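Breakdown of the fold
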Amino acid sequence: MNRRAMQESSFLILTALAAGSQHGYGIIRDVEGISGGRVRLQAGTLYTALERLRQDGLIEVEREEIVDSRLRRYYRLTTDGRERLAEEAARLQAHAAAALTRLDLLGGIVP
Amino acid sequence: MTDLQSLERGYRRLLKLYPVWFRKEHEEEMIGVLMAGAAVGSRRPGLVESLDLLRGAAAMQLRPRTATSRGVAAAARFLYLASFLQLLSLLSSFLTIASVRATVLALNPAFSAAQWHSLMVSQVEPSRIAAPVVAFLWAFLAWTLGRSMRWTNIAFAAVFGLFTLGLLSALGQGGAIYATADIVVDGLEWIAGFLALALIVRDATRGETLEAPAGAVG
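My aim in this report is to walk through the structure given alongside it, one point at a time.

This brings us to the overall build of chain B. When you go through chain B residue by residue, the secondary structure sums to eight helices and zero strands. For chain B, buried positions account for 27% of its 218 residues. Counting only contacts in chain B whose residues sit at least 6 apart along the sequence, the fraction spanning at least 24 positions is 82%.

Shown next, in the form of C-alpha coordinates:
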(Lines give C-alpha, C1' and ligand atoms only; values in the text may rest on other atoms or scores of the structure.)
Protein backbone atom coordinates (compact mmCIF):
# COMPACT_ATOMS: atom_id res chain seq x y z
CA MET A 1 0.00 0.00 0.00
CA ASN A 2 1.29 3.43 -0.93
CA ARG A 3 1.51 5.71 2.07
CA ARG A 4 2.40 9.34 2.32
CA ALA A 5 5.96 10.01 3.47
CA MET A 6 6.18 10.73 7.17
CA GLN A 7 7.12 14.19 8.41
CA GLU A 8 10.61 14.41 9.84
CA SER A 9 9.35 15.29 13.32
CA SER A 10 7.06 12.22 13.39
CA PHE A 11 9.90 10.01 12.17
CA LEU A 12 12.28 11.32 14.83
CA ILE A 13 9.71 10.96 17.62
CA LEU A 14 9.00 7.34 16.64
CA THR A 15 12.76 6.72 16.44
CA ALA A 16 13.20 8.17 19.93
CA LEU A 17 10.54 5.77 21.23
CA ALA A 18 11.94 2.74 19.37
CA ALA A 19 14.46 2.05 22.15
CA GLY A 20 11.86 2.25 24.92
CA SER A 21 9.21 4.43 26.49
CA GLN A 22 9.98 8.10 27.19
CA HIS A 23 8.21 11.16 28.58
CA GLY A 24 7.76 14.42 26.66
CA TYR A 25 10.92 16.21 27.71
CA GLY A 26 12.93 12.99 27.28
CA ILE A 27 11.69 12.77 23.67
CA ILE A 28 12.75 16.38 22.99
CA ARG A 29 16.27 15.71 24.26
CA ASP A 30 16.55 12.37 22.49
CA VAL A 31 15.39 13.84 19.16
CA GLU A 32 18.00 16.58 19.56
CA GLY A 33 20.65 13.90 20.07
CA ILE A 34 19.47 11.72 17.17
CA SER A 35 19.50 14.68 14.79
CA GLY A 36 22.94 15.84 15.92
CA GLY A 37 21.46 18.98 17.51
CA ARG A 38 19.74 20.07 14.29
CA VAL A 39 16.16 19.43 15.43
CA ARG A 40 14.98 20.82 18.76
CA LEU A 41 11.26 20.16 19.02
CA GLN A 42 9.18 22.84 20.69
CA ALA A 43 6.49 21.67 23.11
CA GLY A 44 3.62 22.76 20.83
CA THR A 45 5.03 20.80 17.89
CA LEU A 46 5.75 17.78 20.08
CA TYR A 47 2.26 17.51 21.54
CA THR A 48 0.55 18.14 18.20
CA ALA A 49 2.60 15.25 16.78
CA LEU A 50 2.07 13.00 19.82
CA GLU A 51 -1.69 13.51 19.66
CA ARG A 52 -1.74 12.69 15.94
CA LEU A 53 0.49 9.63 16.35
CA ARG A 54 -1.71 8.44 19.19
CA GLN A 55 -4.90 8.89 17.15
CA ASP A 56 -3.26 6.95 14.32
CA GLY A 57 -2.51 4.12 16.74
CA LEU A 58 1.27 4.34 16.35
CA ILE A 59 2.03 5.23 19.98
CA GLU A 60 0.27 4.74 23.29
CA VAL A 61 0.61 5.90 26.87
CA GLU A 62 2.59 3.38 28.91
CA ARG A 63 2.35 4.96 32.35
CA GLU A 64 2.09 8.23 34.26
CA GLU A 65 4.01 9.45 37.25
CA ILE A 66 4.33 12.61 39.30
CA VAL A 67 7.84 14.05 39.58
CA ASP A 68 8.39 17.28 41.56
CA SER A 69 4.60 17.68 41.57
CA ARG A 70 4.54 17.67 37.76
CA LEU A 71 2.72 15.06 35.66
CA ARG A 72 4.95 12.93 33.47
CA ARG A 73 3.37 10.68 30.88
CA TYR A 74 5.46 8.01 29.24
CA TYR A 75 4.77 7.04 25.65
CA ARG A 76 5.76 3.87 23.80
CA LEU A 77 5.48 2.50 20.27
CA THR A 78 2.59 0.18 19.45
CA THR A 79 3.10 -2.80 17.15
CA ASP A 80 1.67 -0.72 14.29
CA GLY A 81 4.06 2.10 15.19
CA ARG A 82 7.03 -0.24 15.11
CA GLU A 83 5.99 -1.57 11.69
CA ARG A 84 5.35 1.90 10.31
CA LEU A 85 8.73 3.15 11.54
CA ALA A 86 10.53 0.15 10.04
CA GLU A 87 8.71 0.73 6.74
CA GLU A 88 9.63 4.42 6.68
CA ALA A 89 13.25 3.76 7.66
CA ALA A 90 13.58 1.20 4.83
CA ARG A 91 12.08 3.70 2.37
CA LEU A 92 14.50 6.44 3.42
CA GLN A 93 17.41 4.02 3.33
CA ALA A 94 16.54 2.93 -0.22
CA HIS A 95 16.33 6.55 -1.37
CA ALA A 96 19.61 7.46 0.33
CA ALA A 97 21.34 4.41 -1.18
CA ALA A 98 20.12 5.37 -4.66
CA ALA A 99 21.37 8.94 -4.21
CA LEU A 100 24.78 7.86 -2.92
CA THR A 101 25.20 5.29 -5.70
CA ARG A 102 24.48 7.89 -8.37
CA LEU A 103 26.74 10.49 -6.79
CA ASP A 104 29.50 7.89 -6.65
CA LEU A 105 28.99 7.02 -10.34
CA LEU A 106 29.22 10.69 -11.30
CA GLY A 107 32.62 11.30 -9.80
CA GLY A 108 32.83 10.38 -6.18
CA ILE A 109 31.27 13.27 -4.25
CA VAL A 110 30.36 10.77 -1.56
CA PRO A 111 31.93 11.87 1.72
CA MET B 1 5.45 36.45 42.35
CA THR B 2 8.64 34.49 41.60
CA ASP B 3 10.14 34.16 38.12
CA LEU B 4 8.96 30.55 37.90
CA GLN B 5 5.39 31.40 38.90
CA SER B 6 5.32 34.23 36.40
CA LEU B 7 6.68 31.93 33.66
CA GLU B 8 4.16 29.20 34.44
CA ARG B 9 1.33 31.72 34.33
CA GLY B 10 2.53 32.85 30.89
CA TYR B 11 2.52 29.27 29.61
CA ARG B 12 -0.92 28.58 31.06
CA ARG B 13 -2.25 31.71 29.36
CA LEU B 14 -1.03 30.39 25.99
CA LEU B 15 -2.37 26.89 26.67
CA LYS B 16 -5.85 28.39 27.23
CA LEU B 17 -5.98 28.77 23.44
CA TYR B 18 -6.05 24.97 23.00
CA PRO B 19 -9.38 23.13 22.91
CA VAL B 20 -10.77 22.06 26.30
CA TRP B 21 -10.44 18.34 25.51
CA PHE B 22 -6.76 18.81 24.63
CA ARG B 23 -6.07 20.81 27.78
CA LYS B 24 -7.72 18.20 29.97
CA GLU B 25 -5.52 15.59 28.39
CA HIS B 26 -2.18 17.40 28.09
CA GLU B 27 -2.03 20.74 29.95
CA GLU B 28 -0.29 19.57 33.12
CA GLU B 29 2.07 17.38 31.13
CA MET B 30 2.94 20.22 28.75
CA ILE B 31 3.53 22.64 31.62
CA GLY B 32 6.06 20.15 32.99
CA VAL B 33 7.84 19.94 29.62
CA LEU B 34 7.77 23.71 29.06
CA MET B 35 9.12 24.47 32.54
CA ALA B 36 11.84 21.82 32.18
CA GLY B 37 12.98 23.31 28.87
CA ALA B 38 12.82 26.99 29.91
CA ALA B 39 16.04 28.99 30.17
CA VAL B 40 17.12 29.73 33.74
CA GLY B 41 15.76 33.07 34.96
CA SER B 42 13.02 33.36 32.29
CA ARG B 43 10.02 35.30 33.49
CA ARG B 44 7.87 34.86 30.41
CA PRO B 45 7.61 32.45 27.43
CA GLY B 46 10.07 33.13 24.60
CA LEU B 47 8.91 34.32 21.18
CA VAL B 48 9.70 31.07 19.34
CA GLU B 49 7.94 28.82 21.83
CA SER B 50 5.00 31.22 22.07
CA LEU B 51 4.56 31.13 18.28
CA ASP B 52 4.92 27.35 18.34
CA LEU B 53 2.20 27.07 21.00
CA LEU B 54 -0.06 29.39 18.97
CA ARG B 55 0.48 27.22 15.89
CA GLY B 56 -0.19 24.07 17.91
CA ALA B 57 -3.38 25.59 19.36
CA ALA B 58 -4.61 26.53 15.88
CA ALA B 59 -3.82 23.01 14.58
CA MET B 60 -5.69 21.39 17.46
CA GLN B 61 -8.67 23.74 17.14
CA LEU B 62 -8.98 23.03 13.41
CA ARG B 63 -8.27 19.30 13.26
CA PRO B 64 -11.22 16.88 13.18
CA ARG B 65 -12.38 16.11 16.71
CA THR B 66 -14.18 12.92 15.84
CA ALA B 67 -12.93 10.16 13.59
CA THR B 68 -13.89 11.07 10.04
CA SER B 69 -13.65 9.37 6.68
CA ARG B 70 -10.85 10.45 4.39
CA GLY B 71 -13.39 12.07 2.07
CA VAL B 72 -14.83 14.29 4.79
CA ALA B 73 -11.34 15.20 6.05
CA ALA B 74 -10.40 16.23 2.49
CA ALA B 75 -13.69 18.16 2.15
CA ALA B 76 -12.81 20.10 5.31
CA ARG B 77 -9.43 21.00 3.83
CA PHE B 78 -11.11 22.25 0.63
CA LEU B 79 -13.41 24.43 2.74
CA TYR B 80 -10.46 25.94 4.59
CA LEU B 81 -8.96 26.64 1.15
CA ALA B 82 -12.25 28.29 0.06
CA SER B 83 -12.11 30.46 3.20
CA PHE B 84 -8.58 31.56 2.35
CA LEU B 85 -9.58 32.28 -1.27
CA GLN B 86 -12.52 34.40 -0.07
CA LEU B 87 -10.12 36.60 1.91
CA LEU B 88 -7.85 36.72 -1.14
CA SER B 89 -10.85 37.82 -3.19
CA LEU B 90 -11.46 40.65 -0.71
CA LEU B 91 -7.85 41.76 -1.02
CA SER B 92 -8.10 41.53 -4.79
CA SER B 93 -11.22 43.72 -4.72
CA PHE B 94 -9.24 46.54 -3.07
CA LEU B 95 -6.12 46.10 -5.20
CA THR B 96 -7.86 45.94 -8.57
CA ILE B 97 -10.65 48.50 -8.14
CA ALA B 98 -8.73 51.17 -10.09
CA SER B 99 -8.19 48.88 -13.06
CA VAL B 100 -11.82 47.73 -12.90
CA ARG B 101 -12.94 51.36 -13.13
CA ALA B 102 -10.53 52.00 -16.02
CA THR B 103 -11.92 48.97 -17.88
CA VAL B 104 -15.51 50.05 -17.27
CA LEU B 105 -14.74 53.56 -18.58
CA ALA B 106 -12.83 52.20 -21.57
CA LEU B 107 -15.73 49.99 -22.58
CA ASN B 108 -18.46 52.50 -21.62
CA PRO B 109 -17.15 56.04 -22.20
CA ALA B 110 -20.50 57.52 -21.13
CA PHE B 111 -20.32 55.89 -17.68
CA SER B 112 -20.73 58.78 -15.25
CA ALA B 113 -19.22 59.33 -11.82
CA ALA B 114 -22.72 59.02 -10.34
CA GLN B 115 -23.19 55.65 -12.03
CA TRP B 116 -19.82 54.49 -10.68
CA HIS B 117 -20.80 55.63 -7.19
CA SER B 118 -24.06 53.74 -7.50
CA LEU B 119 -22.17 50.62 -8.64
CA MET B 120 -19.81 50.88 -5.68
CA VAL B 121 -22.67 51.27 -3.18
CA SER B 122 -24.93 48.62 -4.67
CA GLN B 123 -22.41 45.91 -5.55
CA VAL B 124 -18.76 46.41 -4.63
CA GLU B 125 -19.18 47.57 -1.04
CA PRO B 126 -21.79 44.93 -0.10
CA SER B 127 -19.52 42.22 -1.52
CA ARG B 128 -16.61 43.58 0.57
CA ILE B 129 -18.75 43.50 3.69
CA ALA B 130 -19.98 39.99 2.89
CA ALA B 131 -16.49 38.60 2.16
CA PRO B 132 -15.28 38.16 5.77
CA VAL B 133 -18.66 36.67 6.68
CA VAL B 134 -18.42 34.12 3.84
CA ALA B 135 -14.79 33.34 4.77
CA PHE B 136 -15.89 32.73 8.35
CA LEU B 137 -18.76 30.53 7.18
CA TRP B 138 -16.46 28.34 5.06
CA ALA B 139 -14.00 27.95 7.95
CA PHE B 140 -16.80 27.32 10.45
CA LEU B 141 -18.37 24.67 8.21
CA ALA B 142 -14.96 23.01 7.78
CA TRP B 143 -14.57 23.00 11.55
CA THR B 144 -18.02 21.48 12.08
CA LEU B 145 -17.41 18.82 9.39
CA GLY B 146 -14.72 17.36 11.64
CA ARG B 147 -17.22 17.17 14.47
CA SER B 148 -19.92 15.15 12.75
CA MET B 149 -22.71 17.66 13.32
CA ARG B 150 -25.75 16.58 11.39
CA TRP B 151 -26.90 19.99 10.19
CA THR B 152 -23.51 20.77 8.63
CA ASN B 153 -24.26 19.20 5.24
CA ILE B 154 -27.51 21.14 4.85
CA ALA B 155 -25.89 24.42 5.94
CA PHE B 156 -23.00 23.79 3.58
CA ALA B 157 -25.31 23.08 0.62
CA ALA B 158 -27.21 26.33 1.36
CA VAL B 159 -24.04 28.45 1.57
CA PHE B 160 -22.62 26.85 -1.56
CA GLY B 161 -25.90 27.46 -3.39
CA LEU B 162 -25.91 31.15 -2.41
CA PHE B 163 -22.26 31.51 -3.38
CA THR B 164 -22.97 29.92 -6.78
CA LEU B 165 -25.88 32.32 -7.38
CA GLY B 166 -23.64 35.27 -6.44
CA LEU B 167 -20.95 34.12 -8.82
CA LEU B 168 -23.44 33.58 -11.67
CA SER B 169 -24.88 37.04 -11.02
CA ALA B 170 -21.38 38.59 -11.17
CA LEU B 171 -20.69 36.74 -14.42
CA GLY B 172 -24.05 37.87 -15.83
CA GLN B 173 -23.09 41.49 -15.16
CA GLY B 174 -19.85 41.17 -17.07
CA GLY B 175 -17.57 40.45 -14.11
CA ALA B 176 -15.32 38.29 -16.29
CA ILE B 177 -14.61 41.34 -18.49
CA TYR B 178 -14.45 44.13 -15.88
CA ALA B 179 -12.98 42.32 -12.89
CA THR B 180 -11.11 39.33 -14.28
CA ALA B 181 -8.79 38.82 -11.28
CA ASP B 182 -11.70 38.85 -8.82
CA ILE B 183 -13.69 36.40 -10.91
CA VAL B 184 -10.70 34.05 -11.26
CA VAL B 185 -10.26 33.94 -7.46
CA ASP B 186 -14.03 33.48 -6.99
CA GLY B 187 -13.97 30.72 -9.60
CA LEU B 188 -11.18 28.89 -7.75
CA GLU B 189 -13.16 29.31 -4.54
CA TRP B 190 -16.24 27.84 -6.23
CA ILE B 191 -14.16 24.85 -7.44
CA ALA B 192 -12.87 24.26 -3.89
CA GLY B 193 -16.45 24.39 -2.59
CA PHE B 194 -17.68 22.11 -5.35
CA LEU B 195 -14.96 19.52 -4.64
CA ALA B 196 -15.87 19.63 -0.94
CA LEU B 197 -19.54 19.12 -1.82
CA ALA B 198 -18.69 16.25 -4.19
CA LEU B 199 -16.64 14.50 -1.49
CA ILE B 200 -19.39 14.89 1.11
CA VAL B 201 -22.08 13.63 -1.28
CA ARG B 202 -19.86 10.70 -2.34
CA ASP B 203 -19.37 9.65 1.27
CA ALA B 204 -23.05 10.07 2.07
CA THR B 205 -24.19 8.00 -0.90
CA ARG B 206 -21.65 5.29 -0.22
CA GLY B 207 -22.74 5.26 3.41
CA GLU B 208 -19.08 5.13 4.27
CA THR B 209 -18.48 4.11 7.85
CA LEU B 210 -16.53 6.54 9.93
CA GLU B 211 -12.98 5.53 10.51
CA ALA B 212 -9.76 7.06 11.63
CA PRO B 213 -7.73 8.44 8.73
CA ALA B 214 -5.37 5.55 8.00
CA GLY B 215 -1.86 6.28 6.85
CA ALA B 216 -2.31 9.93 7.67
CA VAL B 217 0.88 10.14 9.63
CA GLY B 218 2.98 13.16 9.07
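So, next bit.
Residue and element names in this part refer to chain A. Bridge count between strand β1 (residues 22-23) and strand β3 (residues 70-77): two bridges; the pairing is antiparallel. Within β3, the residue paired with His23 across the bridge is Tyr74. By the bridge criterion, eight bridges tie strand β2 (residues 59-67) to β3 in an arrangement that is antiparallel. Opposite Val67, over in β3, you have Arg70 as the bridge partner. As consecutive antiparallel partners, β2 and β3 are separated by two residues, and within that stretch Asp68 has a phi angle of approximately 50°, a positive value.

Next up on the list: the interface of chain A and chain B. Contacts between chain A and chain B engage 24 residues on the former and 23 residues on the latter. For the side of chain A that touches chain B, the elements supplying multiple residues, two or more each, are α2 (24-34), α3 (43-55) and β3 of chain A. It is α3(A) that contributes the most residues to the side of chain A that touches chain B, seven residues altogether. A breakdown of the residues in the side of chain A that touches chain B according to their chemical character gives nine nonpolar, eight polar and seven charged.

Calculation rules
Residues numbered from 1 in each chain as written. Chains lettered and ligands numbered in written order. Predicted model: local features only at pLDDT ≥ 70, side-chain atom pairs only at ≥ 80, totals over all residues. Helix = DSSP H or I, 4+ residues; strand = E, 2+ residues; numbered from the N terminus. Buried ≥ 20, exposed ≤ 12 C-beta atoms within 10 Å, placed from the backbone. Contact = placed C-beta atoms within 7 Å. Pairing = 2+ DSSP bridges. Nonpolar A, V, L, I, M, F, W, Y, C, P; charged D, E, K, R; others polar.

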